[in-house]
Amino acid sequence: MSRTVAGPQLPLDVSHRDGGDRENADLVAGVLDALPSPTVLIDADGTMLLVNSAWAAAADLLGDDRLRVGVGANYYSVILSLSAGAANHERIAALRELAEGRREAVSVDYALTTALGLRWFHLQASRADRSGRVVVTHTDVTSRVEAEQASAWQARHDHLTDLPNRVHLHELIDAELRRRDRGAMSVLFLDADGFKDVNDTLGHDVGDALLRELASRLSSCTRAEDTVGRLGGDEFVVLCRNCDVGGALRLAERFQRTFDEPFVLGDRRTQLTVSIGVATAAADDDETRSTDLVRDADLAMYAAKGAGRNRVRVFHPDLRWAVEQKVLVAGELHEAIDSGQLVLHYQPIQHLLTGEVSGVEALVRWQHPERGLLMPGDFIPIAEQNGLVVPLTRWVLQEATRQTAAWERDGVPMVTAVNISAAHFGTGTLVADVHDALDASGLAPERLVLELTETSVAEDPVRAAAQFARLRVSGVEVSIDDFGSGFSSLSQLVSIPAGILKLDRSLVAGTETRRSESAAAIAAVVGLATACGMRSLAEGVETADQLTLVRELGCTFAQGHHIARPMPAADLLTFLEGRRLTGRRPARRRTG
């Protein structure tokens, strides 16, 4: 095993000058003996003319009788006695070329198996004179080579688990894809469900211990020809050689079973599951690259998570198409915000005590030039994933306040609610963005309500409280949306300066099948709101009976399709006029 490296040339002139052969020989011998590395002087045929004391000492140090040779022996024979491999033959040929003057130097690293283990030496050779004599030094560079090898190994392996890292995994996958006469091969992409919760709650040290245990379990489940690697975080990739889809699915099932056993982390036992994506390259596939295969397996893994976690999914081209569509939609959405393709529809909100429509909720729609009117579910998640939700919300704030101010000028005062995402809430610009919209429209702050979901508030209740307090001082009302769908604590709810508590539609829908239980839950939330000095709003009211029930249970407001569906701004005045002409009023409360 050898590798050529650059090194300095050692010019040494031992030609016949100023004193004859004996003086020159003594001079050369003295110079060589002063060198700390084992050194020999050879002629063009490889005969050893001089050796220094370090050469003799090396044989004793390494315990190798093959090196116990001196003047008169053939250096080339010594090299071949160590190994007759191609590398040594190439080294001898290079030394002959040097002796003949066809090259300037020979510089190479080589390995030597000794009684002390594997040692590395650097061979440096230079011509000594015109007769073809050559000086060859052998420097022990074992420490340097081992350090380089350790560094190279570390660069290709994960420091935590010692598994191949992302770079090395792609090297291995590409090498397998290029291997001639290979069979089908598969890549499994694994992501531990719930790992982030463990890392966040128990700390990174526990998380690291969990990752090491995951690596051990996965490695113990594989076949001899498989390779387990770690991409980063809790993402692992398994390269399965000579493995078709069926074999990959059987291996995936084996991985899932290893998660059945709880993970013991100190004095805690943690149960996790795993989502797995599978991508396969057929034996005759010579176009796929490692990046393609890993990406496809990754997409399949996300499909497994989307199906409810703890699932296995095989890649299908439709998954890639769906991602491409999301990327396309993200680009189009950025343009839509600036080009007037977004529109707002407004859903009326009824004040239950008076029966009057006192407000609306602004709901964004996308009037796509090719796909028609798109609902929020078709593009809001994409906006959140691509950093577009904040500019989108700013547009909604500006348009909703402008329209509400226009209604007021027409003699129709309304309170308009706008949904605020957790992403916007987290930027720290929410208060300024709201004030900018109010200033531009001339709308009074009391005519605006901001809705933020219960779960979003729970992510950072202290920051939420600070921003909400500033908004409410300015006159803007704050509503906590979807209450009852999350698991935030009552202490967090009490600390949030909000004026409206909006019941999640699931509580209202439950009255159709479990009336008494759902009614009790609604009553409890209404009572909680009242105790906190908040008004309550029931959303998702779809029937007359539900409207009557939430009114009797003390809700302040209600909205839903039974009252009115979301509508364009131009239709709201017509809707309100229709209600006035029909004289719709709240039903009488039941008594007794």
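See above for the structure.
First, a word on what this report is: a plain description of the structure on this page. Starting from 1, residues in each chain are numbered consecutively following that chain's sequence as written. Where totals are concerned, whole chains, interfaces and linings use all residues; where local detail is concerned, this predicted model gives features only for residues with pLDDT of at least 70, and gives and counts side-chain atom pairs only at 80 or more. To get the side-chain values, take all heavy atoms of the structure and skip hydrogens and water.

On to the overall build of the chain. Going along the chain from the N terminus, every DSSP run of H or I of four or more residues is numbered as a helix, and every run of E of two or more is numbered as a strand. The secondary structure content of the chain amounts to 22 helices and 23 strands. The globule rule puts the C-alpha radius of gyration for 592 residues at 25 Å, and the 39 Å found for the chain is more than 25% above it. With respect to the three principal axes, the spread of C-alpha positions in the chain is 130 × 50 × 50 Å. The classification of residues rests on relative accessible area computed with a 1.4 Å probe and restricted to protein chains. Under 20% of the type maximum is buried, over 50% is exposed, and intermediate values are partly exposed. Every one of the 592 residues in the chain was classed for burial, and the buried ones make up 46%. Here, two residues are considered to be in contact whenever any of their heavy atoms come within 4.5 Å of each other. When contacts within the chain are restricted to residue pairs at least 6 apart in sequence, those whose partners lie at least 24 apart make up 63%. Accessible area of the chain: about 28800 Å², with a carbon and sulfur share of 52%. C-alpha atoms define the radius of gyration, and 2.2 Å times the number of residues to the power 0.38 defines the globule rule. Where accessible areas are quoted, they stem from the Shrake-Rupley method and a 1.4 Å probe; at the residue level, only the protein chains shown are allowed to cover.

Quick look at the side chain of Asp 109 now. Topologically, Asp 109 is positioned in strand β4 (residues 106-114). Look at Asp 109 and you get buried, because its relative accessible area is 0%. Under this definition, polar contacts are N or O atom pairs within 3.5 Å; protein pairs additionally need one hydrogen-donor-capable and one acceptor-capable atom, and for neighbouring residues in sequence, both atoms have to be side-chain atoms. Here His 122 takes part through its side chain, which lies 2.8 Å from a polar atom of the side chain of Asp 109. A polar atom in the side chain of Asp 109 sits 2.9 Å from the side chain of Arg 144.

Two strands make a pair as long as DSSP finds a minimum of two bridges between them. Across the sheet, which stays open at both edges, the five strands sit in the order β8-β9-β7-β12-β13 with mixed pairing between neighbours. At either margin of the open sheet sits one strand with a lone partner, and together these are β8 (227-232) and β13 (312-314). Between one strand axis and the next, the sheet turns by 20° as a mean value, whatever way the strands run. With three bridges joining them, strand β12 (residues 273-281) and β13 adopt parallel strand pairing. Each residue of the ladder has a partner; that of Val 278, found in β13, is Val 314. The strands that helix α10 (residues 290-306) touches are β7 (185-193), β8, β9 (235-240), β12 and β13; relative to β12, the one it contacts most, it runs at about 145°. In this analysis, axes come from line fits to C-alpha atoms, helices being fitted only over the stretch in contact, and the angle between any two N-to-C directions falls in the range 0 to 180 degrees.

The next subject is the nonpolar core. For the purposes of this section, nonpolar cores are sets of buried Ala, Val, Leu, Ile, Met, Phe, Trp, Tyr and Cys residues that join through side-chain atoms within 4.5 Å. If you look at the biggest cluster of nonpolar residues, it comprises 75 residues, and the most contacted ones within it are Leu 333, Val 364, Leu 392, Val 418, Val 434, Leu 450 and Val 550. Here this core gets nine residues from one element, more than from any other, and that element is helix α13 (residues 389-409). In contact with Val 364, other than residues within four places in its own chain, are Leu 342, Val 343, Leu 344, Pro 376, Phe 379, Ile 380, Leu 392, Trp 395 and Val 396. In this structure, Leu 188, Phe 195, Ala 252 and Leu 265 belong to the second largest nonpolar core, which totals 30 residues.

As a further point, take the pairing of β7. By the criterion of burial, β7 is predominantly enclosed, with nine of the nine residues buried. Bridge count between β7 and β12: nine bridges; the pairing is antiparallel. Among the inter-strand pairings, Met 185 is bridged to a residue of β12, identified as Ala 281. Here β7 runs beside β9; their pairing, made up of six bridges, is antiparallel. For Val 187, the partnering residue across the bridge sits in β9 and is Leu 239.

Each patch groups residues whose relative accessible area exceeds 30% and which form no salt bridge, using 9 Å between like charges and 5 Å between nonpolar side chains of Val, Leu, Ile, Met, Phe, Trp and Tyr. The term salt bridge refers to a side-chain nitrogen of Lys or Arg lying within 4 Å of a carboxyl oxygen of Asp or Glu. A grouping of Val 245, Leu 249 and Val 314 is seen on the molecular surface, where their side chains present a nonpolar patch of about 180 Å² in accessible area. Positionally, Leu 249 belongs in helix α9 (residues 245-258).

Moving on, we come to the pattern of salt bridges. Tallying each qualifying case throughout the model produces 33 salt bridges. The salt bridge partner of Arg 223 is Asp 226, with a shortest N-O separation of 2.7 Å. Exposure remark for Arg 223: the relative accessible area of 25% places this residue in the partly exposed category. Taking relative accessible area as the criterion, Asp 226 reaches 8% and is therefore assigned buried. The shortest N-O distance in the salt bridge between Asp 433 and Arg 394 comes to 2.9 Å. Taken together, the positions of Asp 433 in helix α15 (residues 430-441) and Arg 394 in helix α13 put the pair 39 residues apart, joining distant regions of the chain. Residue Arg 394 is classed as partly exposed on the basis of its relative accessible area, which comes to 31%. Taken together, the shared-partner salt bridges connect Arg 289, Asp 292, Arg 295, Asp 296 and Arg 320 into one network.

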